[in-house]
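Given next are the chains, with one letter for each unit.
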Amino acid sequence: MICTRCHVLCKDVCPKCGSRKHLRAPEDNEPVLLIVLTAMQAMLVEPILAESGIPYYKQGMVGGALAAQVGMMREVYSFYVPHSAYAACRDLIEQVFIEDETIMKLLHEYDVNEEKGE
């Protein structure tokens, strides 16, 4: 299932917004949230995605005007990939950044296949 508000894959409830009513089956080319990164982390991950040839979309959360005032390094980016390429992108990032605990944690933040221990 996918949350149509957050574009996060989930089983029965969106882990990001908690919604159940905005869930439906994803379409192949539908954008899915892959990972949310700081500007510095994005500078490491984006070239890997670009070189893979898999289409992706990067969306800043702060916005250009505010980022110009507070500094671009405070920007946070959400990366979206087509649902059909989601698993391949996750595998690619895992292979490249397996030693980077922070990026691995962020990659698994909204992982539908992992149990959250709280």
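Residues numbered from 1 in each chain as written. Predicted model: local features only at pLDDT ≥ 70, side-chain atom pairs only at ≥ 80, totals over all residues. Heavy atoms only, no water.

## Things to note about helix α3 (residues 86–96)
Step number 1: Buried within α3 we find Tyr 86, Cys 89, Arg 90 and Ile 93. The buried residues of α3 all sit within an arc of 100° when viewed along its axis, so they share a single face. (Buried < 20%, exposed > 50% of the residue type's maximum accessible area, 1.4 Å probe, protein only. Helix = DSSP H or I, 4+ residues; strand = E, 2+ residues; numbered from the N terminus. Arc of directions from axis to C-beta.)

## Notes on the side chain of His 108
Step number 1: Take His 108: it is sitting in the segment after α4 (101–107).
Step number 2: Note on His 108: relative accessible area 16%, which makes it buried.
Step number 3: Looking at His 108, its side chain comes within polar contact range of the side chain of Glu 94, at 3.0 Å. (Polar contact = N/O pair within 3.5 Å; in protein donor to acceptor, adjacent residues only side chain to side chain.)

## Quick notes on helix α1 (residues 39–52)
Step number 1: For α1, which comprises 14 residues, the first-to-last C-alpha distance of 20 Å matches the rise-based estimate of 20 Å (1.5 Å per residue) to within 8%.
Step number 2: When the local axis directions of α1 are compared, the greatest deviation, roughly 30°, occurs at Val 45, which is followed within four positions by the proline Pro 47.
Step number 3: For α1, the set of buried residues is Ala 39, Gln 41, Ala 42, Val 45, Ile 48 and Leu 49.
Step number 4: Buried-residue contacts for α1 involve β3 (31–38), β5 (76–82), α3 and α4. (Expected span 1.5 Å × (residues − 1). Bend = angle between axes of the 7 residues up to and from the residue. Contact = heavy atoms within 4.5 Å.)

## Looking at the sheet that holds β5
Step number 1: Ordered in space as β3-β5-β4, the 3 strands form an open sheet in which the pairing is antiparallel. The outermost strands of the open sheet, each flanked by one partner alone, are β3 and β4 (57–60). Here the strands of the sheet are splayed against their neighbours by 25° on average, with no regard to which way each runs.
Step number 2: Where β3 meets β5, 7 bridges bridge the pair, whose relative direction is antiparallel. Its bridge partner being in β5, Pro 31 is matched across the sheet by Pro 82. (Pairing = 2+ DSSP bridges. Axes fitted to C-alpha atoms, helices over the stretch in contact; angles between N-to-C directions.)

## Some points on the packing of α1 against α3
When two helices pack together, you describe them by how their axes are tilted relative to each other and by the distance separating the axes.
Step number 1: For the pair α1 and α3, the least separation of the axes is 11 Å and the interaxial angle reads 130°. One finds that α1 runs oblique with respect to α3. Between α1 and α3 lies a crossing whose hand is right-handed. The residues of α3 that touch α1, namely those facing Val 45, Ile 48, Leu 49 and Ser 52, are Cys 89, Leu 92, Ile 93 and Val 96. (Parallel < 35°, antiparallel > 145°, perpendicular 65-115°, else oblique. Left-handed = near helix turned anticlockwise from the far one by under 90°.)

## Remarks on the environment of Ile 98
Step number 1: Turning to its location among the elements, Ile 98 is positioned in the loop between α3 and α4.
Step number 2: Residue class for Ile 98 comes out exposed when judged on its relative accessible area of 53%.
Step number 3: The residues touching Ile 98, leaving out its near neighbours within four places in the chain, are Ile 93 and Met 104.

## Points about the nonpolar core
Step number 1: Ranked by internal contacts, the top residues of the largest apolar core, which has 22 residues, are Leu 34, Ile 35, Val 45, Leu 49, Phe 79, Cys 89 and Ile 93.
Step number 2: Going through the elements one at a time, β3, α1, β5, α3 and α4 are the ones with two or more residues in this core.
Step number 3: A per-element tally of this core places α1 first, with 5 residues.
Step number 4: With 9 residues, the next largest nonpolar core counts Cys 6, Val 8, Cys 14 and Leu 33 among its residues. (Core = buried A, V, L, I, M, F, W, Y, C linked by side-chain atoms within 4.5 Å.)

## Here we look at the packing of aromatic side chains
In this description, a pair of aromatic rings is defined by centroid distance and the angle of the planes.
Step number 1: For the structure on display, the rule yields 2 aromatic pairs.
Step number 2: Centre to centre, the rings of Tyr 56 and Phe 79 are 6.0 Å apart; their planes meet at 35°, and the pair counts as tilted. Of this pair, Tyr 56 sits in the loop between α1 and β4 while Phe 79 is found in strand β5, placing the two residues 23 residues apart along the sequence.
Step number 3: The partly exposed category is assigned to Tyr 56, whose relative accessible area is 26%.
Step number 4: Overall, the relative accessible area of 0% leaves Phe 79 in the buried class.
Step number 5: With 6.3 Å between their ring centres and 35° between their planes, Tyr 57 and Tyr 80 make a pair best called tilted. Placement of Tyr 57 in strand β4 and of Tyr 80 in strand β5 is noted, with a sequence separation of 23 residues between them.
Step number 6: The ring of Tyr 77 carries Lys 58 above its face, with NZ or CZ at 4.4 Å from the centroid. (Phe/Tyr/Trp six-rings, centres within 6.5 Å; stacked < 30°, edge-to-face > 60°. Lys NZ or Arg CZ within 6 Å of the ring centre and 35° of its normal.)

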